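Spelled out from the first residue to the last, the chains are:
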Amino acid sequence: MEPVIQEEPTGCGIAASAALAGVSYAEAKKKANALGIYAADTALWSETEHVRTLVREFGFSISPKETPFKTWESLPDKALLAIKWRTEQGKPFWHWVVFIREHGEAKVLDSKKALKSNSRKDFGRIKPKWYIEVSN
């Protein structure tokens with residue numbers, strides 16, 4: 001699985017869904033828009049339902065609950081992580097990333113354009129608040 005770079009400042013949920021599905025950002029955005037999901041909508045990174053809907057549309061099963069993050073080792077092999085979690089004017093916001101464990105290797109696929117590497121293994125710097133398990 002490869003990272004997909006978000007093409008809009010608020011497109012991390014769309015990019016995370018694209019990475020899971022193995023499609024381009026443009027393809028995921030087109031599918032999202034057809035479902036009424038837009039990167040400019042703050043619900044995309046302050047609620048979970050839009051991303052759950054998009055991930056399901058790509059044929060994945062996704063847990064109905066958010067599980068508090070405990071350790072990297074306890075994560076399932078595929079999950080959406082909420083990082084950079086904060087509240088603004090009483091509303092939660094976060095950045096969506098994908099955690100993947102394949103071929104014995106764990107990594108985080110981060111869509112942020114400014115990163116030197118979007119395939120991250122610097123787990124000590126990433127502070128997940130919770131995760132949503134994803135399965136095929």
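That block above? That's the structure.
Quantities reported herein were computed from a predicted structural model and do not represent experimental measurements.

Quick word on the nonpolar core
- Residues I14, L20, V55, L80, W96, V98 and V134 are the most contacted members of the largest nonpolar core, which totals 33 residues.
- For this core, the secondary structure elements donating two or more residues are α1 (12–21), α2 (25–34), α3 (49–57), β3 (78–88), β4 (91–102) and β7 (130–135).
- For this core, the leading source of residues is α1, giving seven residues.
- Of all hydrophobic cores here, the second largest spans eleven residues; its members include V97, F99, V108 and I126.

So, the pattern of salt bridges
- Here the structure, examined in full by the defined rule, presents ten salt bridges.
- Residues R101 and D77 are paired through a salt bridge, measuring 2.7 Å at the closest nitrogen-oxygen approach. Here R101, found in strand β4, pairs with D77, found in the loop between β2 (67–68) and β3; they are 24 residues apart in sequence, far enough to count as distant.

As for unusual backbone geometry
- Even without glycine at this site, Q89 takes up a positive phi of about 50 degrees.
- For Q89, the position within the fold is in the loop between β3 and β4.
- Among the residues examined, Q89 registers a relative accessible area of 87% and is labelled exposed.
- For H103, which is not a glycine, the phi torsion comes out positive at approximately 55 degrees.
- Tracing the chain through its elements places H103 in the loop between β4 and β5 (105–109).
- Of the residues examined, H103 reaches a relative accessible area of 82% and is grouped as exposed.

Concerning α1
- Counting buried positions along α1 yields nine of ten residues, so the element is predominantly enclosed.
- Among the residues of α1, C12, G13, I14, A15, A16, S17, A18, A19 and L20 are the ones counted as buried.
- Just downstream of α1 lies G22, where phi reads positive at about 70 degrees.

Examining the packing of α1 against α2
- The interhelical angle for the contact between α1 and α2, taken along N-to-C directions, is 115 degrees, at an axis separation of 9 Å. It follows that α1 is roughly perpendicular to α2 by the angle criterion. Of the two possible hands of crossing, α1 and α2 adopt the one that is right-handed. Residue-level inspection shows I14, A15 and A18 of α1 in contact with α2, the latter providing Y25, A28, K29 and A32.
- Among the residues forming the contact of α1 with α2, the class breakdown is six nonpolar, no polar and one charged.

Section: the side chain of K107
- Looking at the secondary structure, you find K107 in strand β5.
- With sequence-adjacent residues up to four places away left out, K107 is seen in contact with M1, V98, F99, I100, E102, S119, R120, K121 and F123.

Some words on the packing of aromatic side chains
- Summed over the entire model, instances satisfying the criterion amount to six aromatic pairs.
- Look at W72 and F99: their rings are 5.9 Å apart centre to centre, the planes differ by 40 degrees, and that puts the pair in the tilted class. You can see W72 sitting in the loop between β2 and β3 and its partner F99 sitting in strand β4, a full 27 residues away along the chain.
- Grouped by ring-pair contacts, the aromatic residues F69, W72, F99 and F123 constitute a single cluster.

Procedures and definitions
- Residues numbered from 1 in each chain as written.
- Predicted model: local features only at pLDDT ≥ 70, side-chain atom pairs only at ≥ 80, totals over all residues.
- Heavy atoms only, no water.
- Core = buried A, V, L, I, M, F, W, Y, C linked by side-chain atoms within 4.5 Å.
- Buried < 20%, exposed > 50% of the residue type's maximum accessible area, 1.4 Å probe, protein only.
- Helix = DSSP H or I, 4+ residues; strand = E, 2+ residues; numbered from the N terminus.
- Salt bridge = Lys/Arg side-chain N within 4 Å of Asp/Glu carboxyl O.
- Axes fitted to C-alpha atoms, helices over the stretch in contact; angles between N-to-C directions.
- Parallel < 35°, antiparallel > 145°, perpendicular 65-115°, else oblique.
- Left-handed = near helix turned anticlockwise from the far one by under 90°.
- Contact = heavy atoms within 4.5 Å.
- Nonpolar A, V, L, I, M, F, W, Y, C, P; charged D, E, K, R; others polar.
- Phe/Tyr/Trp six-rings, centres within 6.5 Å; stacked < 30°, edge-to-face > 60°.

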